[in-house]
Amino acid sequence: MAKGNYVSKAAENVQNFIGEKEVKKEKKAGRPSNGETVKISLAVPAELHAGMEAGAALFFKGNKTAYINSLIKKDLEENLETYNKFLAIQKN
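As the structure is a computational prediction, the values presented were derived from the model and not from experiment.

> What's the story with the pattern of salt bridges in this structure? I'm lost.
Proximity of charged atoms lets side chains of opposite charge pair with each other. Per the counting criterion, the structure on display carries one salt bridge. Between Lys64 and Glu53 there is a salt bridge; the shortest N-O distance is 3.2 Å. Note that Lys64 is positioned in helix α3 (residues 64-91) and Glu53 in helix α2 (residues 46-59), a separation of eleven residues in sequence.

Laid out in structure tokens, this is it:
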């Protein structure tokens, strides 16, 4: 047998099989991402929890995070200018 690089038929068949195989991207499991997020711990008073559960269940398919995010978004749309003015006064 000649010295040098020798590739067995089995290895060649495997190499050809792998080379021709299409690479599929696997989808991530779970809900779709809404972009970069920051995780926080949130304490909700017991008397508000039942109402929060009902609101989330009715309008957000049980997704409490989406429900709370919608409330925060609405508040910021209405009051962000006031909050920024208050912060500017505090800095001075």
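> Got a minute to help me understand the environment of Glu53 in this structure?
On the basis of relative accessibility, which here comes to 29%, the residue Glu53 falls in the partly exposed class. Through-space distance from the C-alpha of Glu53 to that of Lys64 is 7.0 Å; in sequence the pair is eleven residues apart.

> Explanation requested: α3 in the structure shown.
Think of an α-helix as 3.6 residues a turn; residues three or four steps apart then line up on the same face. Here α3 spans only 35 Å end to end across 28 residues, well under the 40 Å set by a 1.5 Å rise per residue. The principal kink in α3, of about 65°, is found at Asn79. The distance from a side-chain oxygen at the start of α3 to the backbone nitrogen of Thr65 is 3.1 Å, and the residue carrying that oxygen is Asn63.

> It is not clear to me how the confidence of the model for the chain should be interpreted in this structure. Could you clarify?
Low pLDDT means the predicted atomic positions in that stretch should not be read closely. Here the chain averages 82 in pLDDT, and 83% of its residues register 70 or above. The secondary-structure element of the chain with the lowest mean pLDDT is helix α1 (residues 9-20), recorded at 70, while α3 shows the highest, at 93.

> Explain unusual backbone geometry here, please?
Comment: phi is negative for the bulk of residues other than glycine, and the bulk of peptide bonds are trans. One non-glycine residue, Lys61, lies in positive phi territory at about 50°. By the secondary structure assignment, Lys61 is in the loop between α2 and α3.

> How should I be thinking about the packing of aromatic side chains in this particular structure?
Geometrically, a pair of aromatic rings is defined through the distance of the ring centres and the angle of the planes. On inspection of all chains with the given rule, the structure shows one aromatic pair. A centroid spacing of 5.9 Å and a plane angle of 65° characterise the contact between Phe60 and Tyr67, whose relative ring orientation is edge-to-face. Residue class for Tyr67 comes out buried when judged on its relative accessible area of 19%.

> Help me understand the packing of α2 against α3, please; the structure alone is not making it clear to me.
Two quantities define a packed helix pair, namely the angle between the helix axes and the distance between the axes. One way to put it is that α2 packs onto α3 with a least axis distance of 8 Å and a crossing angle of 100°. With respect to α3, the axis of α2 lies roughly perpendicular. Where α2 abuts α3, its residues Met52, Glu53, Gly55 and Ala56 lie against Lys64, Tyr67 and Ile68. A breakdown of the residues in the contact of α2 with α3 according to their chemical character gives four nonpolar, one polar and two charged.

Each value, and the rule that gives it
- Residues numbered from 1 in each chain as written.
- Predicted model: local features only at pLDDT ≥ 70, side-chain atom pairs only at ≥ 80, totals over all residues.
- Heavy atoms only, no water.
- Salt bridge = Lys/Arg side-chain N within 4 Å of Asp/Glu carboxyl O.
- Helix = DSSP H or I, 4+ residues; strand = E, 2+ residues; numbered from the N terminus.
- Buried < 20%, exposed > 50% of the residue type's maximum accessible area, 1.4 Å probe, protein only.
- Expected span 1.5 Å × (residues − 1).
- Bend = angle between axes of the 7 residues up to and from the residue.
- Polar contact = N/O pair within 3.5 Å; in protein donor to acceptor, adjacent residues only side chain to side chain.
- pLDDT = per-residue confidence, 0-100.
- Phe/Tyr/Trp six-rings, centres within 6.5 Å; stacked < 30°, edge-to-face > 60°.
- Axes fitted to C-alpha atoms, helices over the stretch in contact; angles between N-to-C directions.
- Parallel < 35°, antiparallel > 145°, perpendicular 65-115°, else oblique.
- Contact = heavy atoms within 4.5 Å.
- Nonpolar A, V, L, I, M, F, W, Y, C, P; charged D, E, K, R; others polar.

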